[in-house]
Amino acid sequence: MDPLSFPLPEARDLFAAQTRQLLDAVHSLYELDLLTPSLCAGWSRLELVEHLRIGLDEMAAAACTTTDTAPDHDAASYWGSFARAEDEDPVPGIMWLRRTASASARPAGAVERLTEAAERALAAVTSQRNHPVPFQSKVLAAGDFVGSWVVELAIHQWDLDLGTHPAPVGAVWARRTLEALAGCPLPASMPDDLAVLAGMGRRPWPDGIERPAAFPVAV
């Protein structure tokens with residue numbers, strides 16, 4: 001794994017742009033569209049929306065806190081710390097998210113709550129101090145903390161599988177993150193969307209392009 005860090009001013013601007021773009025993508029979906037599968041194994045698009053709402057509320061709360069403890073993870077090792085063991089059962093987590101998402105009377109309600117959570121996160125990041133942030137039992141530099149959410153939102157925008165929708169503005173940072181996790185570059189001939197999705201195993205690796213042994217990686 002290679003080190004990776006993002007400066008807070010750039011991360012803040014990109015987070016704002018990526019959040020707005022993600023919301024536009026979600027709002028472009030009809031309610032029945034939200035009930036169809038996403039690219040995340042076992043998740044519908046509605047369940048992906050619920051996952052994002054939960055995460056952004058957690059993110060907004062963390063952005064308002066700081067610590068004097070030095071960072072112990074950067075923008076790459078943060079993701080590496082979540083790698084799941086091959087024999088770990090993903091089904092309980094999938095079923096929990098499914099039950100949580102199904103609590104909405106209609107998919108539109110989940111979209112509204114996501115929008116509100118995104119606004120809270122945007123407000124928190126706008127006023128965030130450039131000090132280490134304690135988050136999920138880790139400590140990250142402020143820029144790496146915000147940058148990790150640029151990557152999260154960019155990847156999940158692709159996971160909505162919207163075809164012709166514009167590429168996520170955080171695409172380059174998502175690619176850099178995967179390459180740092182793998183410790184080697186993705187093939188330059190692969191565009192960002194294919195490189196990231198195939199690099200995570202969301203899409204099949206394309207024929208005719210040599211796959212570095214380090215891919216796919218978990219994010």
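Our structure is the block above this text.
Cut-off values and rules
Residues numbered from 1 in each chain as written. Predicted model: local features only at pLDDT ≥ 70, side-chain atom pairs only at ≥ 80, totals over all residues. Heavy atoms only, no water. Helix = DSSP H or I, 4+ residues; strand = E, 2+ residues; numbered from the N terminus. Rg over C-alpha atoms; globule rule 2.2 N^0.38 Å. Buried < 20%, exposed > 50% of the residue type's maximum accessible area, 1.4 Å probe, protein only. Contact = heavy atoms within 4.5 Å. Areas by Shrake-Rupley, 256 points an atom, 1.4 Å probe, with all protein chains shown as cover. Lys, Arg positive; Asp, Glu negative; His and termini not counted. Charge placed at Lys NZ, Arg CZ, Asp CG, Glu CD. Phe/Tyr/Trp six-rings, centres within 6.5 Å; stacked < 30°, edge-to-face > 60°. Core = buried A, V, L, I, M, F, W, Y, C linked by side-chain atoms within 4.5 Å. Expected span 1.5 Å × (residues − 1). Salt bridge = Lys/Arg side-chain N within 4 Å of Asp/Glu carboxyl O.

## Details of the overall build of the protein
A tally of regular secondary structure across the protein gives nine helices and two strands. Secondary structure of the protein in N-to-C order comes out as α-α-α-α-α-α-β-β-α-α-α. For the protein, the C-alpha radius of gyration of 17 Å lies close to 17 Å, the compact-globule estimate for 219 residues. Principal-axis analysis of the C-alpha atoms gives the protein an extent of 45 × 45 × 35 Å. Here the protein holds 219 residues, and 48% of them are scored as buried. For the protein, the proportion of contacts with a sequence separation of at least 24, taken over those separated by at least 6, is 72%. About 10400 Å² of surface is accessible on the protein, with carbon and sulfur atoms providing 55% of the total. Between the mean site of the 17 positive side-chain charges and the mean site of the 29 negative ones, the protein shows a separation of 4 Å.

## Some points on the packing of aromatic side chains
Following the criterion strictly, the structure yields six aromatic pairs and no others. The interplanar angle of 75° and the centroid separation of 5.0 Å between the aromatic rings of Tyr-78 and Trp-79 together place this pair among those described as edge-to-face. Judged by relative accessible area, which is 7%, Trp-79 ranks as buried. Among the aromatic residues, those joined into a ring-pair cluster are Tyr-78, Trp-79, Phe-135, Phe-145 and Trp-149.

## With respect to the environment of Phe-145
Of note, Phe-145 is situated in helix 7 (residues 142-159). With a relative accessible area of 0%, Phe-145 lands in the buried category. Every residue in contact with Phe-145, bar those within four places of it in the chain, is listed here: Met-59, Ala-62, Ala-63, Gln-128, Val-133, Phe-135 and Leu-140.

## Details of the nonpolar core
Counting residues in each nonpolar core, the largest one holds 70 residues, and the members touching the most others are Phe-15, Leu-56, Phe-145 and Trp-149. Here Leu-56 is in contact with Phe-15, Leu-114, Ala-117, Ala-118, Ala-121, Trp-149 and Leu-153, once residues within four sequence places are set aside.

## Points about helix 1 (residues 8-27)
For helix 1, which comprises 20 residues, the first-to-last C-alpha distance of 28 Å matches the rise-based estimate of 28 Å (1.5 Å per residue) to within 8%. Restricting attention to buried positions, one finds in helix 1 the residues Leu-8, Ala-11, Leu-14, Phe-15, Gln-18, Thr-19, Gln-21, Leu-22, Leu-23, Ala-25 and Val-26. Among the structural elements, helix 3 (45-63), helix 6 (107-126), helix 7 and helix 8 (171-182) are those in contact with the buried residues of helix 1.

## A short note on the pattern of salt bridges
Counted under the stated rule, the structure contains 10 salt bridges. A salt bridge links Arg-106 to Glu-31, with the shortest nitrogen-to-oxygen separation between them at 2.6 Å. Of this pair, Arg-106 sits in the loop between helix 5 (91-101) and helix 6 while Glu-31 is found in helix 2 (residues 31-34), placing the two residues 75 residues apart along the sequence. Of the residues examined, Arg-106 reaches a relative accessible area of 52% and is grouped as exposed. Take Glu-31: its relative accessible area is 24%, and that puts it in the partly exposed class. Its salt-bridge partner being Asp-161, residue Arg-203 comes within 2.9 Å of it at the nearest N-O pair. Here Arg-203 is found in the segment after helix 9 (192-199), whereas its partner Asp-161 is found in the loop between helix 7 and helix 8, with 42 residues between them in sequence. Look at the salt bridges and you will find they share partners, linking Glu-50, Arg-53, Asp-57 and Arg-120 into a network.

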